[in-house]
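Here is how the chains run, residue by residue.
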Amino acid sequence: MSSAAERLGINIEKPRYDQSTYTGRAKHFFIVTNPLNLLAGNAKLEESKRIVSEYRNGGKLPGITGDQLWRAKQLYDSTYHPDTGGKMFLLGRMSAQVPCNMVITGCMMTFYKTTPAVVFWQWINQSFNALVNYTNRSGPNPISPATLGWSYCGATTGAITTALFLNKVVAPRFPPLVGRFVPFAAVAAANAINLPMMRSSELTNGIPVLTADGEEVGKSSKAAQSAISQVVVSRIGMAAPGMFIPPIIMAKLEKGPFLTKYPKMNAPLQVLMVGTCLVFATPLCCALFPQMSSIKTSSLEPELRDELSARPHPPERVYFNKGL
C-alpha cells in the first residue's frame, strides 16, 4: 500500500489556501484564529498530532481523506509550537485571541473614565500581549527574558501614559464621544512601542531574506523594518473596528430606556459587540500582508544590494517572513 502522502498528494508544510491572494490568506487566518479550536480535548489533540507526524514520516494512514488530514493539520498548528513541537499555553494560542481580547477590550471601553480603571485594564491588556508574544516566540531565535521584560514595561508605560494624558488634557475639550476613543489611542501607542522593542534584535542584526526559489542570500535590517511596520499596521487594524464601532452605538444606547433601567448591562453589551467585530477583524487584518512579504533589491542595504546585483541573474525582489 502506498503512503498517504503519495495517495493524497497534499503538501501540509504549506497552508491549504493560496497565500498570494488576500482571499486565500483570509481563509487561512479564519481557520487559525477560530476560537472553537480551544474546545478540542486532549484525545483529539493527540490524534491530530499523530496524524500529522505519520503523514510527514510516510505513514499509510488507511482511509483518511484530504479534508480529515487538513482538519488534523489545522488543529495541530493551532495547538503545538511550530519550532519546539510542544503544546502551547491555552491563553497564548492564536485561537484564544478573540475570546480574550473581547473581554479585555470590552472592559477597557467600559471603564475608561477613572485613573485606577485605566491603569488596571491597560496593564491587563499588555500582560496578555506579553503572554501571546512569549507563547509564540521563535524557537531558533527566542525572545530573551530581558527583551520581553523591556518591551512589556515600555508598552505598558506607553499605553497608560497615552490614556491618562488624553483623558485629562485632550478629551475634556471635545464632545463626550471623543473620550470613548481614548483606549484605542492607548492600544495603538502600545503596539507602536511593543513590537519594535520586542523585535529590536531584528532591527539591529537583520532578518533572513530569500530569493523566490527559497535560497537565503543574507540578512537585512531594511526588511526587518518593513516586516515590523506591517505587523504594527495589522495589529492596530485588528483593534480598530472593535474600538470605534461599539462606542458610537453605546453613546446612543445609553440614552435609551434599556440601559437607563439596566445600567449593569453596559459592560456585557460592549464585550459582545467587541467580540463580534474581532471575529472578523482578527483574521481579515492578519491577512492584510502576505506572510512571506517582499522588498525590492534596490531598497536593501548597499552591501547586500551590491552583492545581489553582481550575480548573473540578480533578483528584482527578495522575500522575508514578516511574523505575526
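Described in the following lines is the structure provided in the data block.

Calculation notes
- Residues numbered from 1 in each chain as written.
- Predicted model: local features only at pLDDT ≥ 70, side-chain atom pairs only at ≥ 80, totals over all residues.
- Heavy atoms only, no water.
- Salt bridge = Lys/Arg side-chain N within 4 Å of Asp/Glu carboxyl O.
- Helix = DSSP H or I, 4+ residues; strand = E, 2+ residues; numbered from the N terminus.
- Buried < 20%, exposed > 50% of the residue type's maximum accessible area, 1.4 Å probe, protein only.
- Phe/Tyr/Trp six-rings, centres within 6.5 Å; stacked < 30°, edge-to-face > 60°.
- Expected span 1.5 Å × (residues − 1).
- Lys, Arg positive; Asp, Glu negative; His and termini not counted.
- Axes fitted to C-alpha atoms, helices over the stretch in contact; angles between N-to-C directions.
- Parallel < 35°, antiparallel > 145°, perpendicular 65-115°, else oblique.
- Left-handed = near helix turned anticlockwise from the far one by under 90°.
- Contact = heavy atoms within 4.5 Å.
- Nonpolar A, V, L, I, M, F, W, Y, C, P; charged D, E, K, R; others polar.

**Describing the pattern of salt bridges**
- All chains considered together, the criterion is met by 7 salt bridges.
- Salt-bridge contacts for R56 lead to E13; the nearest nitrogen and oxygen are separated by 2.9 Å. Of this pair, R56 sits in helix α3 (residues 42-56) while E13 is found in the loop between α1 (4-8) and α2 (22-32), placing the two residues 43 residues apart along the sequence.
- On the basis of relative accessibility, which here comes to 41%, the residue R56 falls in the partly exposed class.
- Between E47 and R50 there is a salt bridge, and its shortest N-O distance comes to 2.7 Å. With E47 and R50 both in helix α3 and 3 residues apart, this pair spans about one turn of that helix.
- Classification of R50 as partly exposed rests on a relative accessible area of 36%.

**Things to note about the packing of aromatic side chains**
- Within the structure shown, the criterion is met by 7 aromatic pairs.
- Consider the rings of Y76 and Y80, whose centres lie 5.1 Å apart with planes at 25°: the pair is stacked.
- Given the relative accessible area of 11%, Y76 is considered buried.
- On the numbers, 4.9 Å between centres and 35° between planes, the contact of F181 with F244 is tilted. Of this pair, F181 sits in the loop between α8 (176-179) and α9 (182-198) while F244 sits in helix α11 (residues 221-253), and the two are 63 residues apart along the sequence.
- Aromatic rings pair up to connect F120, W121 and W123 into one cluster.

**Some words on helix α7 (residues 145-170)**
- For α7, which comprises 26 residues, the first-to-last C-alpha distance of 36 Å matches the rise-based estimate of 38 Å (1.5 Å per residue) to within 8%.
- Considered for burial, the residues of α7 that qualify are L148, S151, G154, A155, T156, G158, A159, I160, A163, L166 and N167.

**Section: the side chain of R25**
- Looking at the element boundaries, R25 is found in helix α2.
- One buried charged residue, R25, forms no salt bridge at all, with the nearest opposite charge on D18 at 7.4 Å.

**Digging into the packing of helix α6 (residues 115-135) against α7**
- Across the interface, α6 lies against α7 with an axial gap of 9 Å and an inter-helix angle of 150°. What the angle tells us is that α6 and α7 run roughly antiparallel. Relative to α7, the crossing made by α6 is right-handed. Every residue of α7 that contacts α6 at T115, V118, V119, Q122, W123, Q126, S127, A130, N133 and Y134 is listed here: L148, Y152, A155, T156, A159, I160, A163, L164, N167 and K168.
- Looking at the contact of α6 with α7 residue by residue, the classes come out as 12 nonpolar, 7 polar and 1 charged.

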